[in-house]
Amino acid sequence: MSDEADIVDMRSVEAEAAAVDPRDGLRTVLALRRLTARLETLHVARAREQGMSWAEIASELEVTRQTVHKKHGRTAGPPRWDTDVDL
């Protein structure tokens, strides 16, 4: 799928979402935020397993190396879900 097709899809999704009740929209935003966090954790772990550096991963995620390492570099405890650090 091309980037252009992705943009068109996202525009139609955004337009459709704007027409729903705000409560439904907010619940959808929350679900997407949780899904995004899970996917990020999964793919960062895969990237590290395949030998990518923290700097390479950070570049792909468009955040700093320190941010991605702080969020995903922990070996114990629950993952951090604060995704707004570099926004």
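Everything below is about the structure printed above this text.
Residues numbered from 1 in each chain as written. Predicted model: local features only at pLDDT ≥ 70, side-chain atom pairs only at ≥ 80, totals over all residues. Heavy atoms only, no water.

Comments concerning the overall build of the chain
Okay, step 1: Looking only at helices and strands, one finds four helices and zero strands in the chain.
Okay, step 2: Counting from the amino terminus, the chain carries its helices and strands in the arrangement α-α-α-α.
Okay, step 3: The proportion of buried residues among the 87 residues of the chain is 13%.
Okay, step 4: A separation threshold of at least 6 residues defines the contact pool for the chain, and within that pool the share at least 24 residues apart is 22%.
Okay, step 5: Within the structure as shown, the chain displays about 7200 Å² of accessible surface, and the carbon and sulfur contribution to it stands at 55%. (Helix = DSSP H or I, 4+ residues; strand = E, 2+ residues; numbered from the N terminus. Buried < 20%, exposed > 50% of the residue type's maximum accessible area, 1.4 Å probe, protein only. Contact = heavy atoms within 4.5 Å. Areas by Shrake-Rupley, 256 points an atom, 1.4 Å probe, with all protein chains shown as cover.)

Digging into a nonpolar patch on the surface
Okay, step 1: Nonpolar side chains collect at one region of the surface, where Leu32, Leu35, Leu39 and Leu42 lie side by side and expose about 330 Å² of accessible area between them.
Okay, step 2: Locating Leu35 in the fold gives a position in helix H2 (residues 22-49).
Okay, step 3: Owing to a relative accessible area of 41%, Leu35 belongs among the partly exposed residues under this scheme. (Patch = residues over 30% accessible without salt bridge, like charges linked within 9 Å, V, L, I, M, F, W, Y side chains within 5 Å. Salt bridge = Lys/Arg side-chain N within 4 Å of Asp/Glu carboxyl O.)

Regarding helix H4 (residues 65-72)
Okay, step 1: Buried residues of H4: Thr67, Val68, Lys71 and His72, and no others. Buried residues along H4 cover an arc of 100° about the axis, so they all sit on one side. (Arc of directions from axis to C-beta.)

What to know about the pattern of salt bridges
Okay, step 1: Summed over the entire model, instances satisfying the criterion amount to two salt bridges.
Okay, step 2: Across the salt bridge formed by Asp24 and Arg27, the nearest N and O atoms sit 2.5 Å from each other. Of this pair, Asp24 and Arg27 both sit in helix H2, three residues apart, roughly one helical turn.
Okay, step 3: Here Glu40 makes a salt bridge to Lys71, at a shortest N to O gap of 3.1 Å. Taken together, the positions of Glu40 in helix H2 and Lys71 in helix H4 put the pair 31 residues apart, joining distant regions of the chain. Assigned by exposure class, Glu40 and Lys71 land together as buried.

As for the environment of Ala45
Okay, step 1: Mapped onto the elements, Ala45 comes out in helix H2.
Okay, step 2: Ala45 gets classed as partly exposed once you look at its relative accessible area, which sits at 35%.

Details of the packing of H2 against helix H3 (residues 54-61)
Okay, step 1: Between H2 and H3, whose axes approach to 10 Å, the crossing angle comes to 145°. As for how H2 packs across H3, the hand of that crossing is right-handed. Facing H2, whose interface residues are Glu40, Val44, Ala47 and Arg48, H3 presents Trp54, Ile57 and Leu61.
Okay, step 2: Here the contact of H2 with H3 is composed, by residue class, of five nonpolar, no polar and two charged. (Axes fitted to C-alpha atoms, helices over the stretch in contact; angles between N-to-C directions. Left-handed = near helix turned anticlockwise from the far one by under 90°. Nonpolar A, V, L, I, M, F, W, Y, C, P; charged D, E, K, R; others polar.)

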